[in-house]
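This is what each chain is made of:
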Amino acid sequence: MRRVLLAATAMFSLVGIGQSALAAEAPYIDDRSSAEAVVRSLYSAIGRHEFARAWGYYGDTKPAKDFNAFVKGYDNTDTVEIKTGAVSNEGAAGSIYYSVPVAIQATDKKGEAKVFAGCYTLRQVNAQIQEPPFQPIFIDKGALKPSTEDFESAVPASCGDGPPPPKKDEALEQARKAFLATYGEQCDKENPEGKPAGEPDAYSIHYKDKDAGADEPERETRLFRFFCSMAAYNESAVYYIYDDVAGVRQLQFASPELDIRYENNNSEGKVEGIHIIGFQTDDQLVNSEYDDKTRTITSMNKWRGVGDASSTGTYLFRNGNFSLVQYDVDASYDGEINPETVLDYNTPP
């Protein structure tokens, strides 16, 4: 998605050439549920060249002397990328003011890119004291200045005199960066619920090493599950873990290589035997989930949509890592779910 900033002191412009194609690529977002959502909605409106909608996200203080000047300010810019930082807020006299740190990389039609950074201030008036017409969260002002920082690091840590932003989750940031670097172009951009693929499910696992003394503190491992892609009946995910010794690393999952024999070599017929002839590692799991109570990740790969043929792996967390402890295979395409356990380190002798 291409996003465009609108700011009182930074004048960028969208392309005149290929405007219709650019507008067609920008999704329609009109969300006033949070300060950051309003800013994203603004970028959506500009990206789609819906300038009246963009103008409407501002309050009484507008970003230009009139609407025509506002539209004309977007004549020379080709593309704009945007990053936002942690949003801070403070209350004042029946309103909440939000500060949204922003960094912009604007590329002109000659291909020259420049980085700008600054802040948006947004205001939310207490809904209980308003009278019609209702005023949702709106942009009060915005100011950007040229930045000498790289685009990746140009987002301000905080804005003005506002309260400091929440402390960043460094483990999450590292895991997200690693995932996007490796899978950003391979995986779907959103999960089935519309959540960005780079926003994982996160879990915290507290444990003691097997040789730890009774007085030694627990250790913590963070687990991050990133949605990757969805097909007709299988969904894939990528996992990362973090600890204070090894940092962030991607999980690789062991799985058996199978030799499956069918009667008369007919895969639709009776299964004569399933043998493990080796092992491989997978960087993604299919139809997987993490159970915090049992500290296991399970994965079920359906071989066809009805699910009567499949393979299921169980991975147990112990001593800071996940190990394959059970593998079940249903190799018969018989319309029934009747898996056979081919590997079992999960059942006590």
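Note that the coordinates shown come from a computational prediction; the quantities given were computed from them, not determined experimentally.

What counts and what doesn't
- Residues numbered from 1 in each chain as written.
- Predicted model: local features only at pLDDT ≥ 70, side-chain atom pairs only at ≥ 80, totals over all residues.
- Heavy atoms only, no water.
- Pairing = 2+ DSSP bridges.
- Helix = DSSP H or I, 4+ residues; strand = E, 2+ residues; numbered from the N terminus.
- Axes fitted to C-alpha atoms, helices over the stretch in contact; angles between N-to-C directions.
- Phe/Tyr/Trp six-rings, centres within 6.5 Å; stacked < 30°, edge-to-face > 60°.
- Buried < 20%, exposed > 50% of the residue type's maximum accessible area, 1.4 Å probe, protein only.
- Disulfide = S-S within 2.5 Å.
- Core = buried A, V, L, I, M, F, W, Y, C linked by side-chain atoms within 4.5 Å.
- Expected span 1.5 Å × (residues − 1).
- Salt bridge = Lys/Arg side-chain N within 4 Å of Asp/Glu carboxyl O.

Enquirer: In this structure, what is going on with the sheet that holds strand 14 (residues 296-302)? I would like to understand it.
Expert: The strands that make up a sheet are held in pairs by hydrogen bonds between backbone atoms, and each pair lies either parallel or antiparallel. Judged by pairing direction, the sheet is antiparallel, and its five strands sit side by side in the order 13-14-15-16-17 without closing on themselves. Strands with a single pairing partner mark the edges of an open sheet, and in this sheet they are strand 13 (288-291) and strand 17 (340-344). Between one strand and the next, the sheet's axes are offset by a mean angle of 20°, whatever the strand orientation. Pairing analysis gives four bridges linking strand 16 (residues 321-330) to strand 17, with the strands arranged antiparallel.

Enquirer: Please clarify how the packing of aromatic side chains should be interpreted in this entry.
Expert: Geometry of an aromatic ring pair is reported as the spacing of the ring centres plus the angle between the planes. One pass over the structure, following the stated rule, counts 14 aromatic pairs. Pairing Phe67 with Phe70 gives two aromatic rings, centres 6.1 Å apart and planes at 40°, and the pair type is tilted. A residue pair is termed a helical-turn pair when its members lie 3 or 4 positions apart in one helix, as Phe67 and Phe70 do in helix 4 (residues 67-72) at three residues. Residues Trp303 and Tyr333 carry aromatic rings whose centres are separated by 6.4 Å and whose planes lie at 45° to one another, so their mutual orientation is tilted. With Trp303 in the loop between strand 14 and strand 15 (310-318) and Tyr333 in the loop between strand 16 and strand 17, the pair connects residues that are 30 residues apart, well separated along the chain. A relative accessible area of 26% places Trp303 in the partly exposed class. For Tyr333, a relative accessible area of 22% gives the class partly exposed. Feature note: the residues Tyr203, Tyr207, Tyr290, Phe317 and Phe322 constitute an aromatic cluster, connected by ring pairs.

Enquirer: Teacher, can you tell me more about the state of the cysteines here?
Expert: Scanning the entire structure with this criterion turns up two disulfides. Here Cys119 engages in a disulfide with Cys159; their sulfurs sit 2.0 Å apart. Every disulfide takes its handedness from the sign of the S-S torsion; for Cys119 and Cys159 that torsion is -95°, giving left-handed. Residue Cys119 is found in strand 4 (residues 113-125), and its partner Cys159 is found in the loop between strand 5 (138-146) and helix 5 (170-183); the two are separated by 40 residues along the sequence. Residue pairing for Cys187: its cysteine sulfur links by disulfide to Cys228, the two sulfurs lying 2.0 Å apart. Its torsion about the S-S bond being -85°, the disulfide of Cys187 and Cys228 is classed as left-handed. Residue Cys187 is located in the loop between helix 5 and strand 6 (201-207), and its partner Cys228 is located in strand 7 (residues 219-230); the two are separated by 41 residues in the primary sequence. Grouping residues by exposure puts Cys187 and Cys228 together as buried. Cysteines bonded in the protein are numbered consecutively along the chain; their disulfide partners then correspond to 1-2, 3-4.

Enquirer: Could you clarify how one ought to interpret the nonpolar core in this entry?
Expert: Here is a general trend for soluble globular proteins: nonpolar side chains tend to be buried in one another's company. Grouped together as the largest cluster of nonpolar side chains are 27 residues, with contacts concentrated most on Leu42, Val102, Ile104, Tyr120, Leu122 and Ile139. Mapped onto this core, the elements with two or more residues apiece are helix 2 (35-47), helix 3 (51-56), strand 1 (77-84), strand 3 (95-108), strand 4 and strand 5. For this core, the element with the highest residue contribution is helix 2, accounting for seven residues. In this structure, Ile205, Ile241, Leu251 and Val329 belong to the second largest nonpolar core, which totals 22 residues.

Enquirer: Please explain helix 2 as it appears in this structure.
Expert: Helical geometry note: an α-helix holds 3.6 residues per turn, so side chains three or four residues apart project in the same direction. The first and last C-alpha atoms of helix 2 sit 19 Å apart over 13 residues, in line with the 18 Å expected at 1.5 Å per residue. Taking burial as the measure, the 13 residues of helix 2 include eleven buried ones, the bulk of the element. Every buried residue belonging to helix 2 is among Ala35, Ala37, Val38, Val39, Ser41, Leu42, Tyr43, Ser44, Ala45, Ile46 and Gly47, and all of these are buried. Backbone geometry just after helix 2 places His49 at a positive phi near 60°.

Enquirer: Looking at this structure, I do not really get the pattern of salt bridges. What am I missing?
Expert: A pair can form between side chains of opposite charge whenever their charged atoms are brought close. Tallied over the full model, the rule gives eleven salt bridges. One salt bridge connects Glu173 with Arg176, and the closest N-O pair in it is separated by 2.8 Å. Within this pair, Glu173 and its partner Arg176 are both found in helix 5, separated by three residues, close to a single helical turn. Taking the relative accessible area as the measure of exposure, Glu173 reaches 34% and is therefore partly exposed. A salt bridge links Arg219 to Asp209, with the nearest nitrogen and oxygen atoms 3.5 Å apart. Of this pair, Arg219 sits in strand 7 while Asp209 sits in the loop between strand 6 and strand 7, and the two are ten residues apart along the sequence. Relative accessible area serves as the criterion here: at 25%, Arg219 is assigned to the partly exposed category.

Enquirer: When you look at unusual backbone geometry in this model, what are you seeing that I'm missing?
Expert: As a rule of thumb, non-glycine residues mostly have phi less than zero, and peptide bonds are mostly trans rather than cis. Omega for the bond connecting Pro132 with Pro133 falls within 30 degrees of zero, at -5°, which places this linkage in the cis form. Looking at the element boundaries, Pro133 is found in the loop between strand 4 and strand 5. Positive phi is not limited to glycine here, since Asn264 has a value of about 60°. For Asn264, the location among the structural elements is in the loop between strand 10 (253-262) and strand 11 (271-282).

Enquirer: For this particular structure, what's the right way to read the pairing of strand 3?
Expert: Looking along a regular strand, one sees side chains alternate from face to face of the sheet. Extensive coverage of strand 3 is indicated by the burial of ten of its 14 residues. Pairing between strand 1 and strand 3: seven bridges, direction antiparallel. Within the sheet, the bridge partner assigned to Thr79 lies in strand 3 and is Thr107. As paired strands, strand 2 (residues 88-92) and strand 3 are joined by five bridges and run antiparallel to one another. Each bridged residue has a counterpart across the sheet, and for Ala92 the counterpart in strand 3 is Ser95. In sequence, strand 3 turns back onto strand 4 through a hairpin of four residues, with Gly111 there showing a positive phi of about 90°.

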